[in-house]
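Examination of the molecular architecture
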Amino acid sequence: MTARDTQRSDIYLPIGDVARRAGVSVDTIREWDRNGYLTSIRTAGGHRRFLLSSVETYLAALAEGGDAA
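Scoring rules and cut-offs
- Residues numbered from 1 in each chain as written.
- Predicted model: local features only at pLDDT ≥ 70, side-chain atom pairs only at ≥ 80, totals over all residues.
- Heavy atoms only, no water.
- Pairing = 2+ DSSP bridges.
- Helix = DSSP H or I, 4+ residues; strand = E, 2+ residues; numbered from the N terminus.
- Axes fitted to C-alpha atoms, helices over the stretch in contact; angles between N-to-C directions.
- Contact = heavy atoms within 4.5 Å.
- Polar contact = N/O pair within 3.5 Å; in protein donor to acceptor, adjacent residues only side chain to side chain.
- Salt bridge = Lys/Arg side-chain N within 4 Å of Asp/Glu carboxyl O.
- Buried < 20%, exposed > 50% of the residue type's maximum accessible area, 1.4 Å probe, protein only.
- Parallel < 35°, antiparallel > 145°, perpendicular 65-115°, else oblique.
- Nonpolar A, V, L, I, M, F, W, Y, C, P; charged D, E, K, R; others polar.

With that settled, consider the sheet that holds strand E3 (residues 48–51). The strand order E1-E3-E2 describes an open sheet built from three strands, whose pairing is antiparallel. Either end of the sheet is taken by a strand with one partner, and the two such strands are strand E1 (12–14) and strand E2 (40–42). Here the strands of the sheet are splayed against their neighbours by 40° on average, with no regard to which way each runs. Alignment of E2 against E3, held across three bridges, turns out to be antiparallel. The residue bridging isoleucine 41 from the neighbouring strand is arginine 49, located in E3. Together, E1 and E3 form the strand contacts of helix H4 (residues 52–63), whose direction differs from that of E3 by roughly 70°.

Counting through the fold element by element, arginine 48 comes out in strand E3. Polar contacts involving the side chain of arginine 48 include one to the side chain of aspartate 33, which spans 2.7 Å. The contact partners of arginine 48, leaving out residues within four places of it in the chain, are Leu13, Pro14, Ile15, Arg30, Asp33, Ser40, Ile41 and Arg42.

What follows is about the pattern of salt bridges. Opposite charge on two side chains permits them to pair, given that their charged atoms come into close proximity. Under the counting rule described, the total for this entry stands at three salt bridges. Between arginine 20 and aspartate 17 there is a salt bridge, and its shortest N-O distance comes to 2.4 Å. Here arginine 20 and its partner aspartate 17 are both found in helix H2 (residues 15–22), three residues apart, which amounts to about one turn of the helix. On the accessibility criterion, arginine 20 (62% relative accessible area) is exposed. Aspartate 17 gets classed as partly exposed once you look at its relative accessible area, which sits at 28%. Here arginine 30 makes a salt bridge to aspartate 27, at a shortest N to O gap of 2.8 Å. You can see arginine 30 and its partner aspartate 27 sitting in helix H3 (residues 26–34), three residues apart, about one turn around the helix.

This part is about the packing of H2 against H3. Their axes nearest at 8 Å, the elements H2 and H3 cross at an angle of 100°. Taken together, H2 and H3 sit at an angle that is classed as roughly perpendicular. Facing H2, whose interface residues are Ile15, Gly16, Val18, Ala19 and Ala22, H3 presents Val26, Ile29, Arg30 and Trp32. When the residues that make up the contact of H2 with H3 are grouped by side-chain class, the tally is seven nonpolar, one polar and one charged.

As structure tokens, then:
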């Protein structure tokens, strides 16, 4: 793992950013989180944050014909 990979693996995105990257609504991202397709952490204020590397991996799998549902 390179230093760049390590830095990227530490980046967490808010739900709106994930929705924009995926081209779906924030409600869809919440559903994916509830169903275990994406995993979030919660801030002290209860907001979801998603690990960038996990989001990229999931979106790449979808692009290759994976099923989100």
